[in-house]
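Structural overview
Each chain, written out:
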Amino acid sequence: MFLGLEWYWWLVILAMLAISIPFKVKFMKWWNEYQQEKKKEQRDKWGDEND
């Protein structure tokens, strides 16, 4: 078969990709929100002293 793998290994690889992609999307959304919250806390912490 293609690249020396049998057809059922390609099914396993495709299944793993299909399962992992939604988790990656969810993680990326969480990470983006986490970074924005972290930046907001830093701005608030330093901004209060200047006012």
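Here the structure is shown first, and the text comes after it.
The shown structure was predicted, so the numbers you read here are calculated from the model rather than taken from an experiment. (Residues numbered from 1 in each chain as written. Predicted model: local features only at pLDDT ≥ 70, side-chain atom pairs only at ≥ 80, totals over all residues. Heavy atoms only, no water.)

**With respect to the overall build of the chain**
Counted only if it meets this: For helices the rule is a DSSP run of H or I covering at least 4 residues; for strands it is a run of E covering at least 2, with both sets numbered from the N terminus onward. Accessibility here uses a 1.4 Å probe with only protein chains present; expressed as a share of the type maximum, an area under 20% marks a residue as buried, one over 50% as exposed, and anything in between as partly exposed. Every accessible area reported is derived by Shrake-Rupley at a probe size of 1.4 Å, with residue values counting cover from the shown protein chains alone.
Counting its regular elements, the chain contains one helix and zero strands. Of all 51 residues assigned to the chain, the portion counted as buried reaches 0%. Taken as a whole, the chain presents about 5300 Å² of accessible surface, with 65% of it coming from carbon and sulfur.

**Some points on a nonpolar patch on the surface**
Inclusion rule: For patch detection, residues must exceed 30% relative accessible area and be free of salt bridges, and they are connected within 9 Å for like charges or within 5 Å for nonpolar side chains (Val, Leu, Ile, Met, Phe, Trp, Tyr). Any carboxyl oxygen of Asp or Glu that lies within 4 Å of a side-chain nitrogen of Lys or Arg is treated as forming a salt bridge with it.
Side chains of Trp-7, Tyr-8, Trp-9, Leu-11, Val-12 and Met-16 sit close together on the surface and give an oily, nonpolar patch of about 670 Å² of accessible area. Tracing the backbone shows Tyr-8 in helix α1 (residues 7-50).

**So, the packing of aromatic side chains**
The condition is simple: When the centres of two rings from Phe, Tyr and Trp lie within 6.5 Å, Trp using its six-membered ring, the rings pair. Their planes under 30 degrees apart give stacked, over 60 give edge-to-face, and anything left gives tilted.
Counted by the stated rule, this structure contains seven aromatic pairs. Taken together, a centroid distance of 5.8 Å and an interplanar angle of 45 degrees make the contact between Tyr-8 and Trp-9 tilted. A ring pair is formed by Trp-30 and Trp-31, whose centres lie 5.9 Å apart and whose planes are at 50 degrees; its orientation type is tilted. Given a relative accessible area of 46%, Trp-30 falls into the partly exposed group. Three or more aromatic residues link up through ring pairs in this structure, and these residues are Phe-27, Trp-30, Trp-31 and Tyr-34.

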